[in-house]
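Coordinate analysis (summary)
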Amino acid sequence: MKLNWYVIFILLFLPKLNFAQSVVDDIDSFNGSFENNSPQLSTEKIEKISASGRIFILTNSSSSYGKGDFISIVLDDKLVNRSLVAKTSSGSGGIKIMKVYNPELHKLLRPGMQVQIIRGDDSFFRIKKKQESTTEETALIEDEEGLFDETTLLEDDLNLEENTNRKIKTDNIISLFLSQVEGQGVEQDTRRYSQITGAWAYQVNDNFWAEVSYGENVINDYPDGGLDTKFSSLVFKFKYTVEAPFYSYIQPYAGYQITNADSPGAGSAGVSTTQQELELELVESLKKNQPVFGVTILKRLVPGWFARLDVGSDALNFGFSLEF
């Protein structure tokens, strides 16, 4: 009879002694790089990252994960971090970073970047322990209690419901570009003048942008030899964003342009009255207020940066833009 009790004791308690290990401990046992012999991974895009870097919003276009799943992010065939899916909604998912495998790659993650996702167990990637590690893994959650602590998610104030319909997820874009602005020459012919122009655009609603730009240049020997004129252009635009192939965006726009000119020496004494009137007329001819129409094309170069081309009735522009 005693033998039977010993057998029952061993069957009930010995497995727990041998295999008891927390989820976080299991994750902590991994370190290093891997060899990819896994099934095909799903590819998703980072939509937003919280200020603390602990909460990410990813697309879930292929329904590759669900609430409560453990997932790993892969970039350039290297494991970056390990996460818990806190919420899914409208084709997106909010994840809580639990463990950073590769701090250098983790710092490179940006909104708009495409990454690969492993759902569940990532041990089949043959993670090898490093003999000599130059960097330490960063554990953002220390125990299992932290995995399901809702305040960890809420304190980052990252709303999963917002920005899901936006083609460009960020709110602000600043640009610097070279403009070819139309004006009048000394011979009263139409000319284009080069201006260095800066612009700021703000996404007032999903895919609707308001933008203001300003540029100026100096026209030498205008309206007459030895005289210079400062020529400026202020443009207000409203745009709508449409996604295009090859990580590009098309933004048709309508707006209003105000051009101004100032030449302190124009019309001064020392010349005939007729010459004075002509000089003043030439300066005034550069001033105009008019509605404008056109299209902006943004081509993503790297996360956060675009090449920009504007073709419109106000100007022909080419330059670069930064989103934030």
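Details of the structure are given in the entry above.
Report follows, based on the coordinates.

Quick notes on the rules
- Residues numbered from 1 in each chain as written.
- Predicted model: local features only at pLDDT ≥ 70, side-chain atom pairs only at ≥ 80, totals over all residues.
- Heavy atoms only, no water.
- Helix = DSSP H or I, 4+ residues; strand = E, 2+ residues; numbered from the N terminus.
- Expected span 1.5 Å × (residues − 1).
- Contact = heavy atoms within 4.5 Å.
- 1 Å grid on protein atoms, 1.4 Å probe; cavity = no way out; pocket = protein on both sides within 12 Å on 5 of 7 lines; lining within 4 Å.
- Points joined across faces, edges and corners; volume = space filled by probe spheres on them.
- Buried < 20%, exposed > 50% of the residue type's maximum accessible area, 1.4 Å probe, protein only.
- Pairing = 2+ DSSP bridges.

1. Quick notes on helix α6 (residues 273-285)
With 13 residues, α6 should cover 18 Å at 1.5 Å per step; its first-to-last C-alpha distance of 18 Å lies within 8% of that length. Summarising the contacts, the buried residues of α6 are in contact with β8 (172-184), β11 (228-240) and β13 (248-262).

2. Things to note about the layout of surface pockets
In this structure, the second largest pocket spans a volume of roughly 280 Å³. Taken together, 15 residues form the lining of the second largest pocket, with Arg110, Pro111, Thr170, Glu323 and Phe324 sitting closest to its centre. When contributions to the lining of the second largest pocket are tallied by element, the ones reaching two or more residues are β1 (42-49) and β16 (315-323). Looking at the lining of the second largest pocket element by element, the count peaks at 3 residues for β1.

3. Digging into unusual backbone geometry
Tyr222 connects to Pro223 through a cis peptide bond whose omega is 10°. Mapped onto the secondary structure, Pro223 falls in the loop between β10 (208-220) and β11. Its identity as a non-glycine residue notwithstanding, Asn207 has a phi of 75°, on the positive side. Note on placement: Asn207 falls in the loop between β9 (190-205) and β10.

4. Quick look at the pairing of β10
Note on strand geometry: in a regular strand, side chains alternate between the two faces of the sheet. The alternating pattern of β10 places Trp209, Glu211, Ser213, Gly215, Asn217 and Ile219 on a buried face, while none of Phe208, Ala210, Val212, Tyr214, Glu216, Val218 and Asn220, on the opposite face, is buried. Where β9 lies against β10, 9 bridges are found, and the strand directions are antiparallel. Looking across to β10, one finds that Gly198 is bridged to Tyr214. The hairpin formed by β9 and β10 contains 2 residues between the paired strands, and Asn207 there has a positive phi angle of roughly 75°. Bridge count for β10 against β11 is 13 bridges, and the pairing is antiparallel. For Ser213, the partnering residue across the bridge sits in β11 and is Val235.

5. Describing the pairing of β1
Examined bridge by bridge, β1 and strand β6 (residues 114-119) share 4 bridges and lie antiparallel to one another. Residue Lys45 lies in a different strand from β6, and its bridge partner there is Gln114. Of the pairings in the sheet, the one linking β1 to strand β2 (residues 55-59) comprises 3 bridges and is antiparallel in character. What sits directly across from Ile46, in β2, is Leu58. With antiparallel pairing between neighbouring strands as the criterion, β1 and β2 make up a hairpin whose turn holds 5 residues, including Gly53 at a positive phi of roughly 80°.

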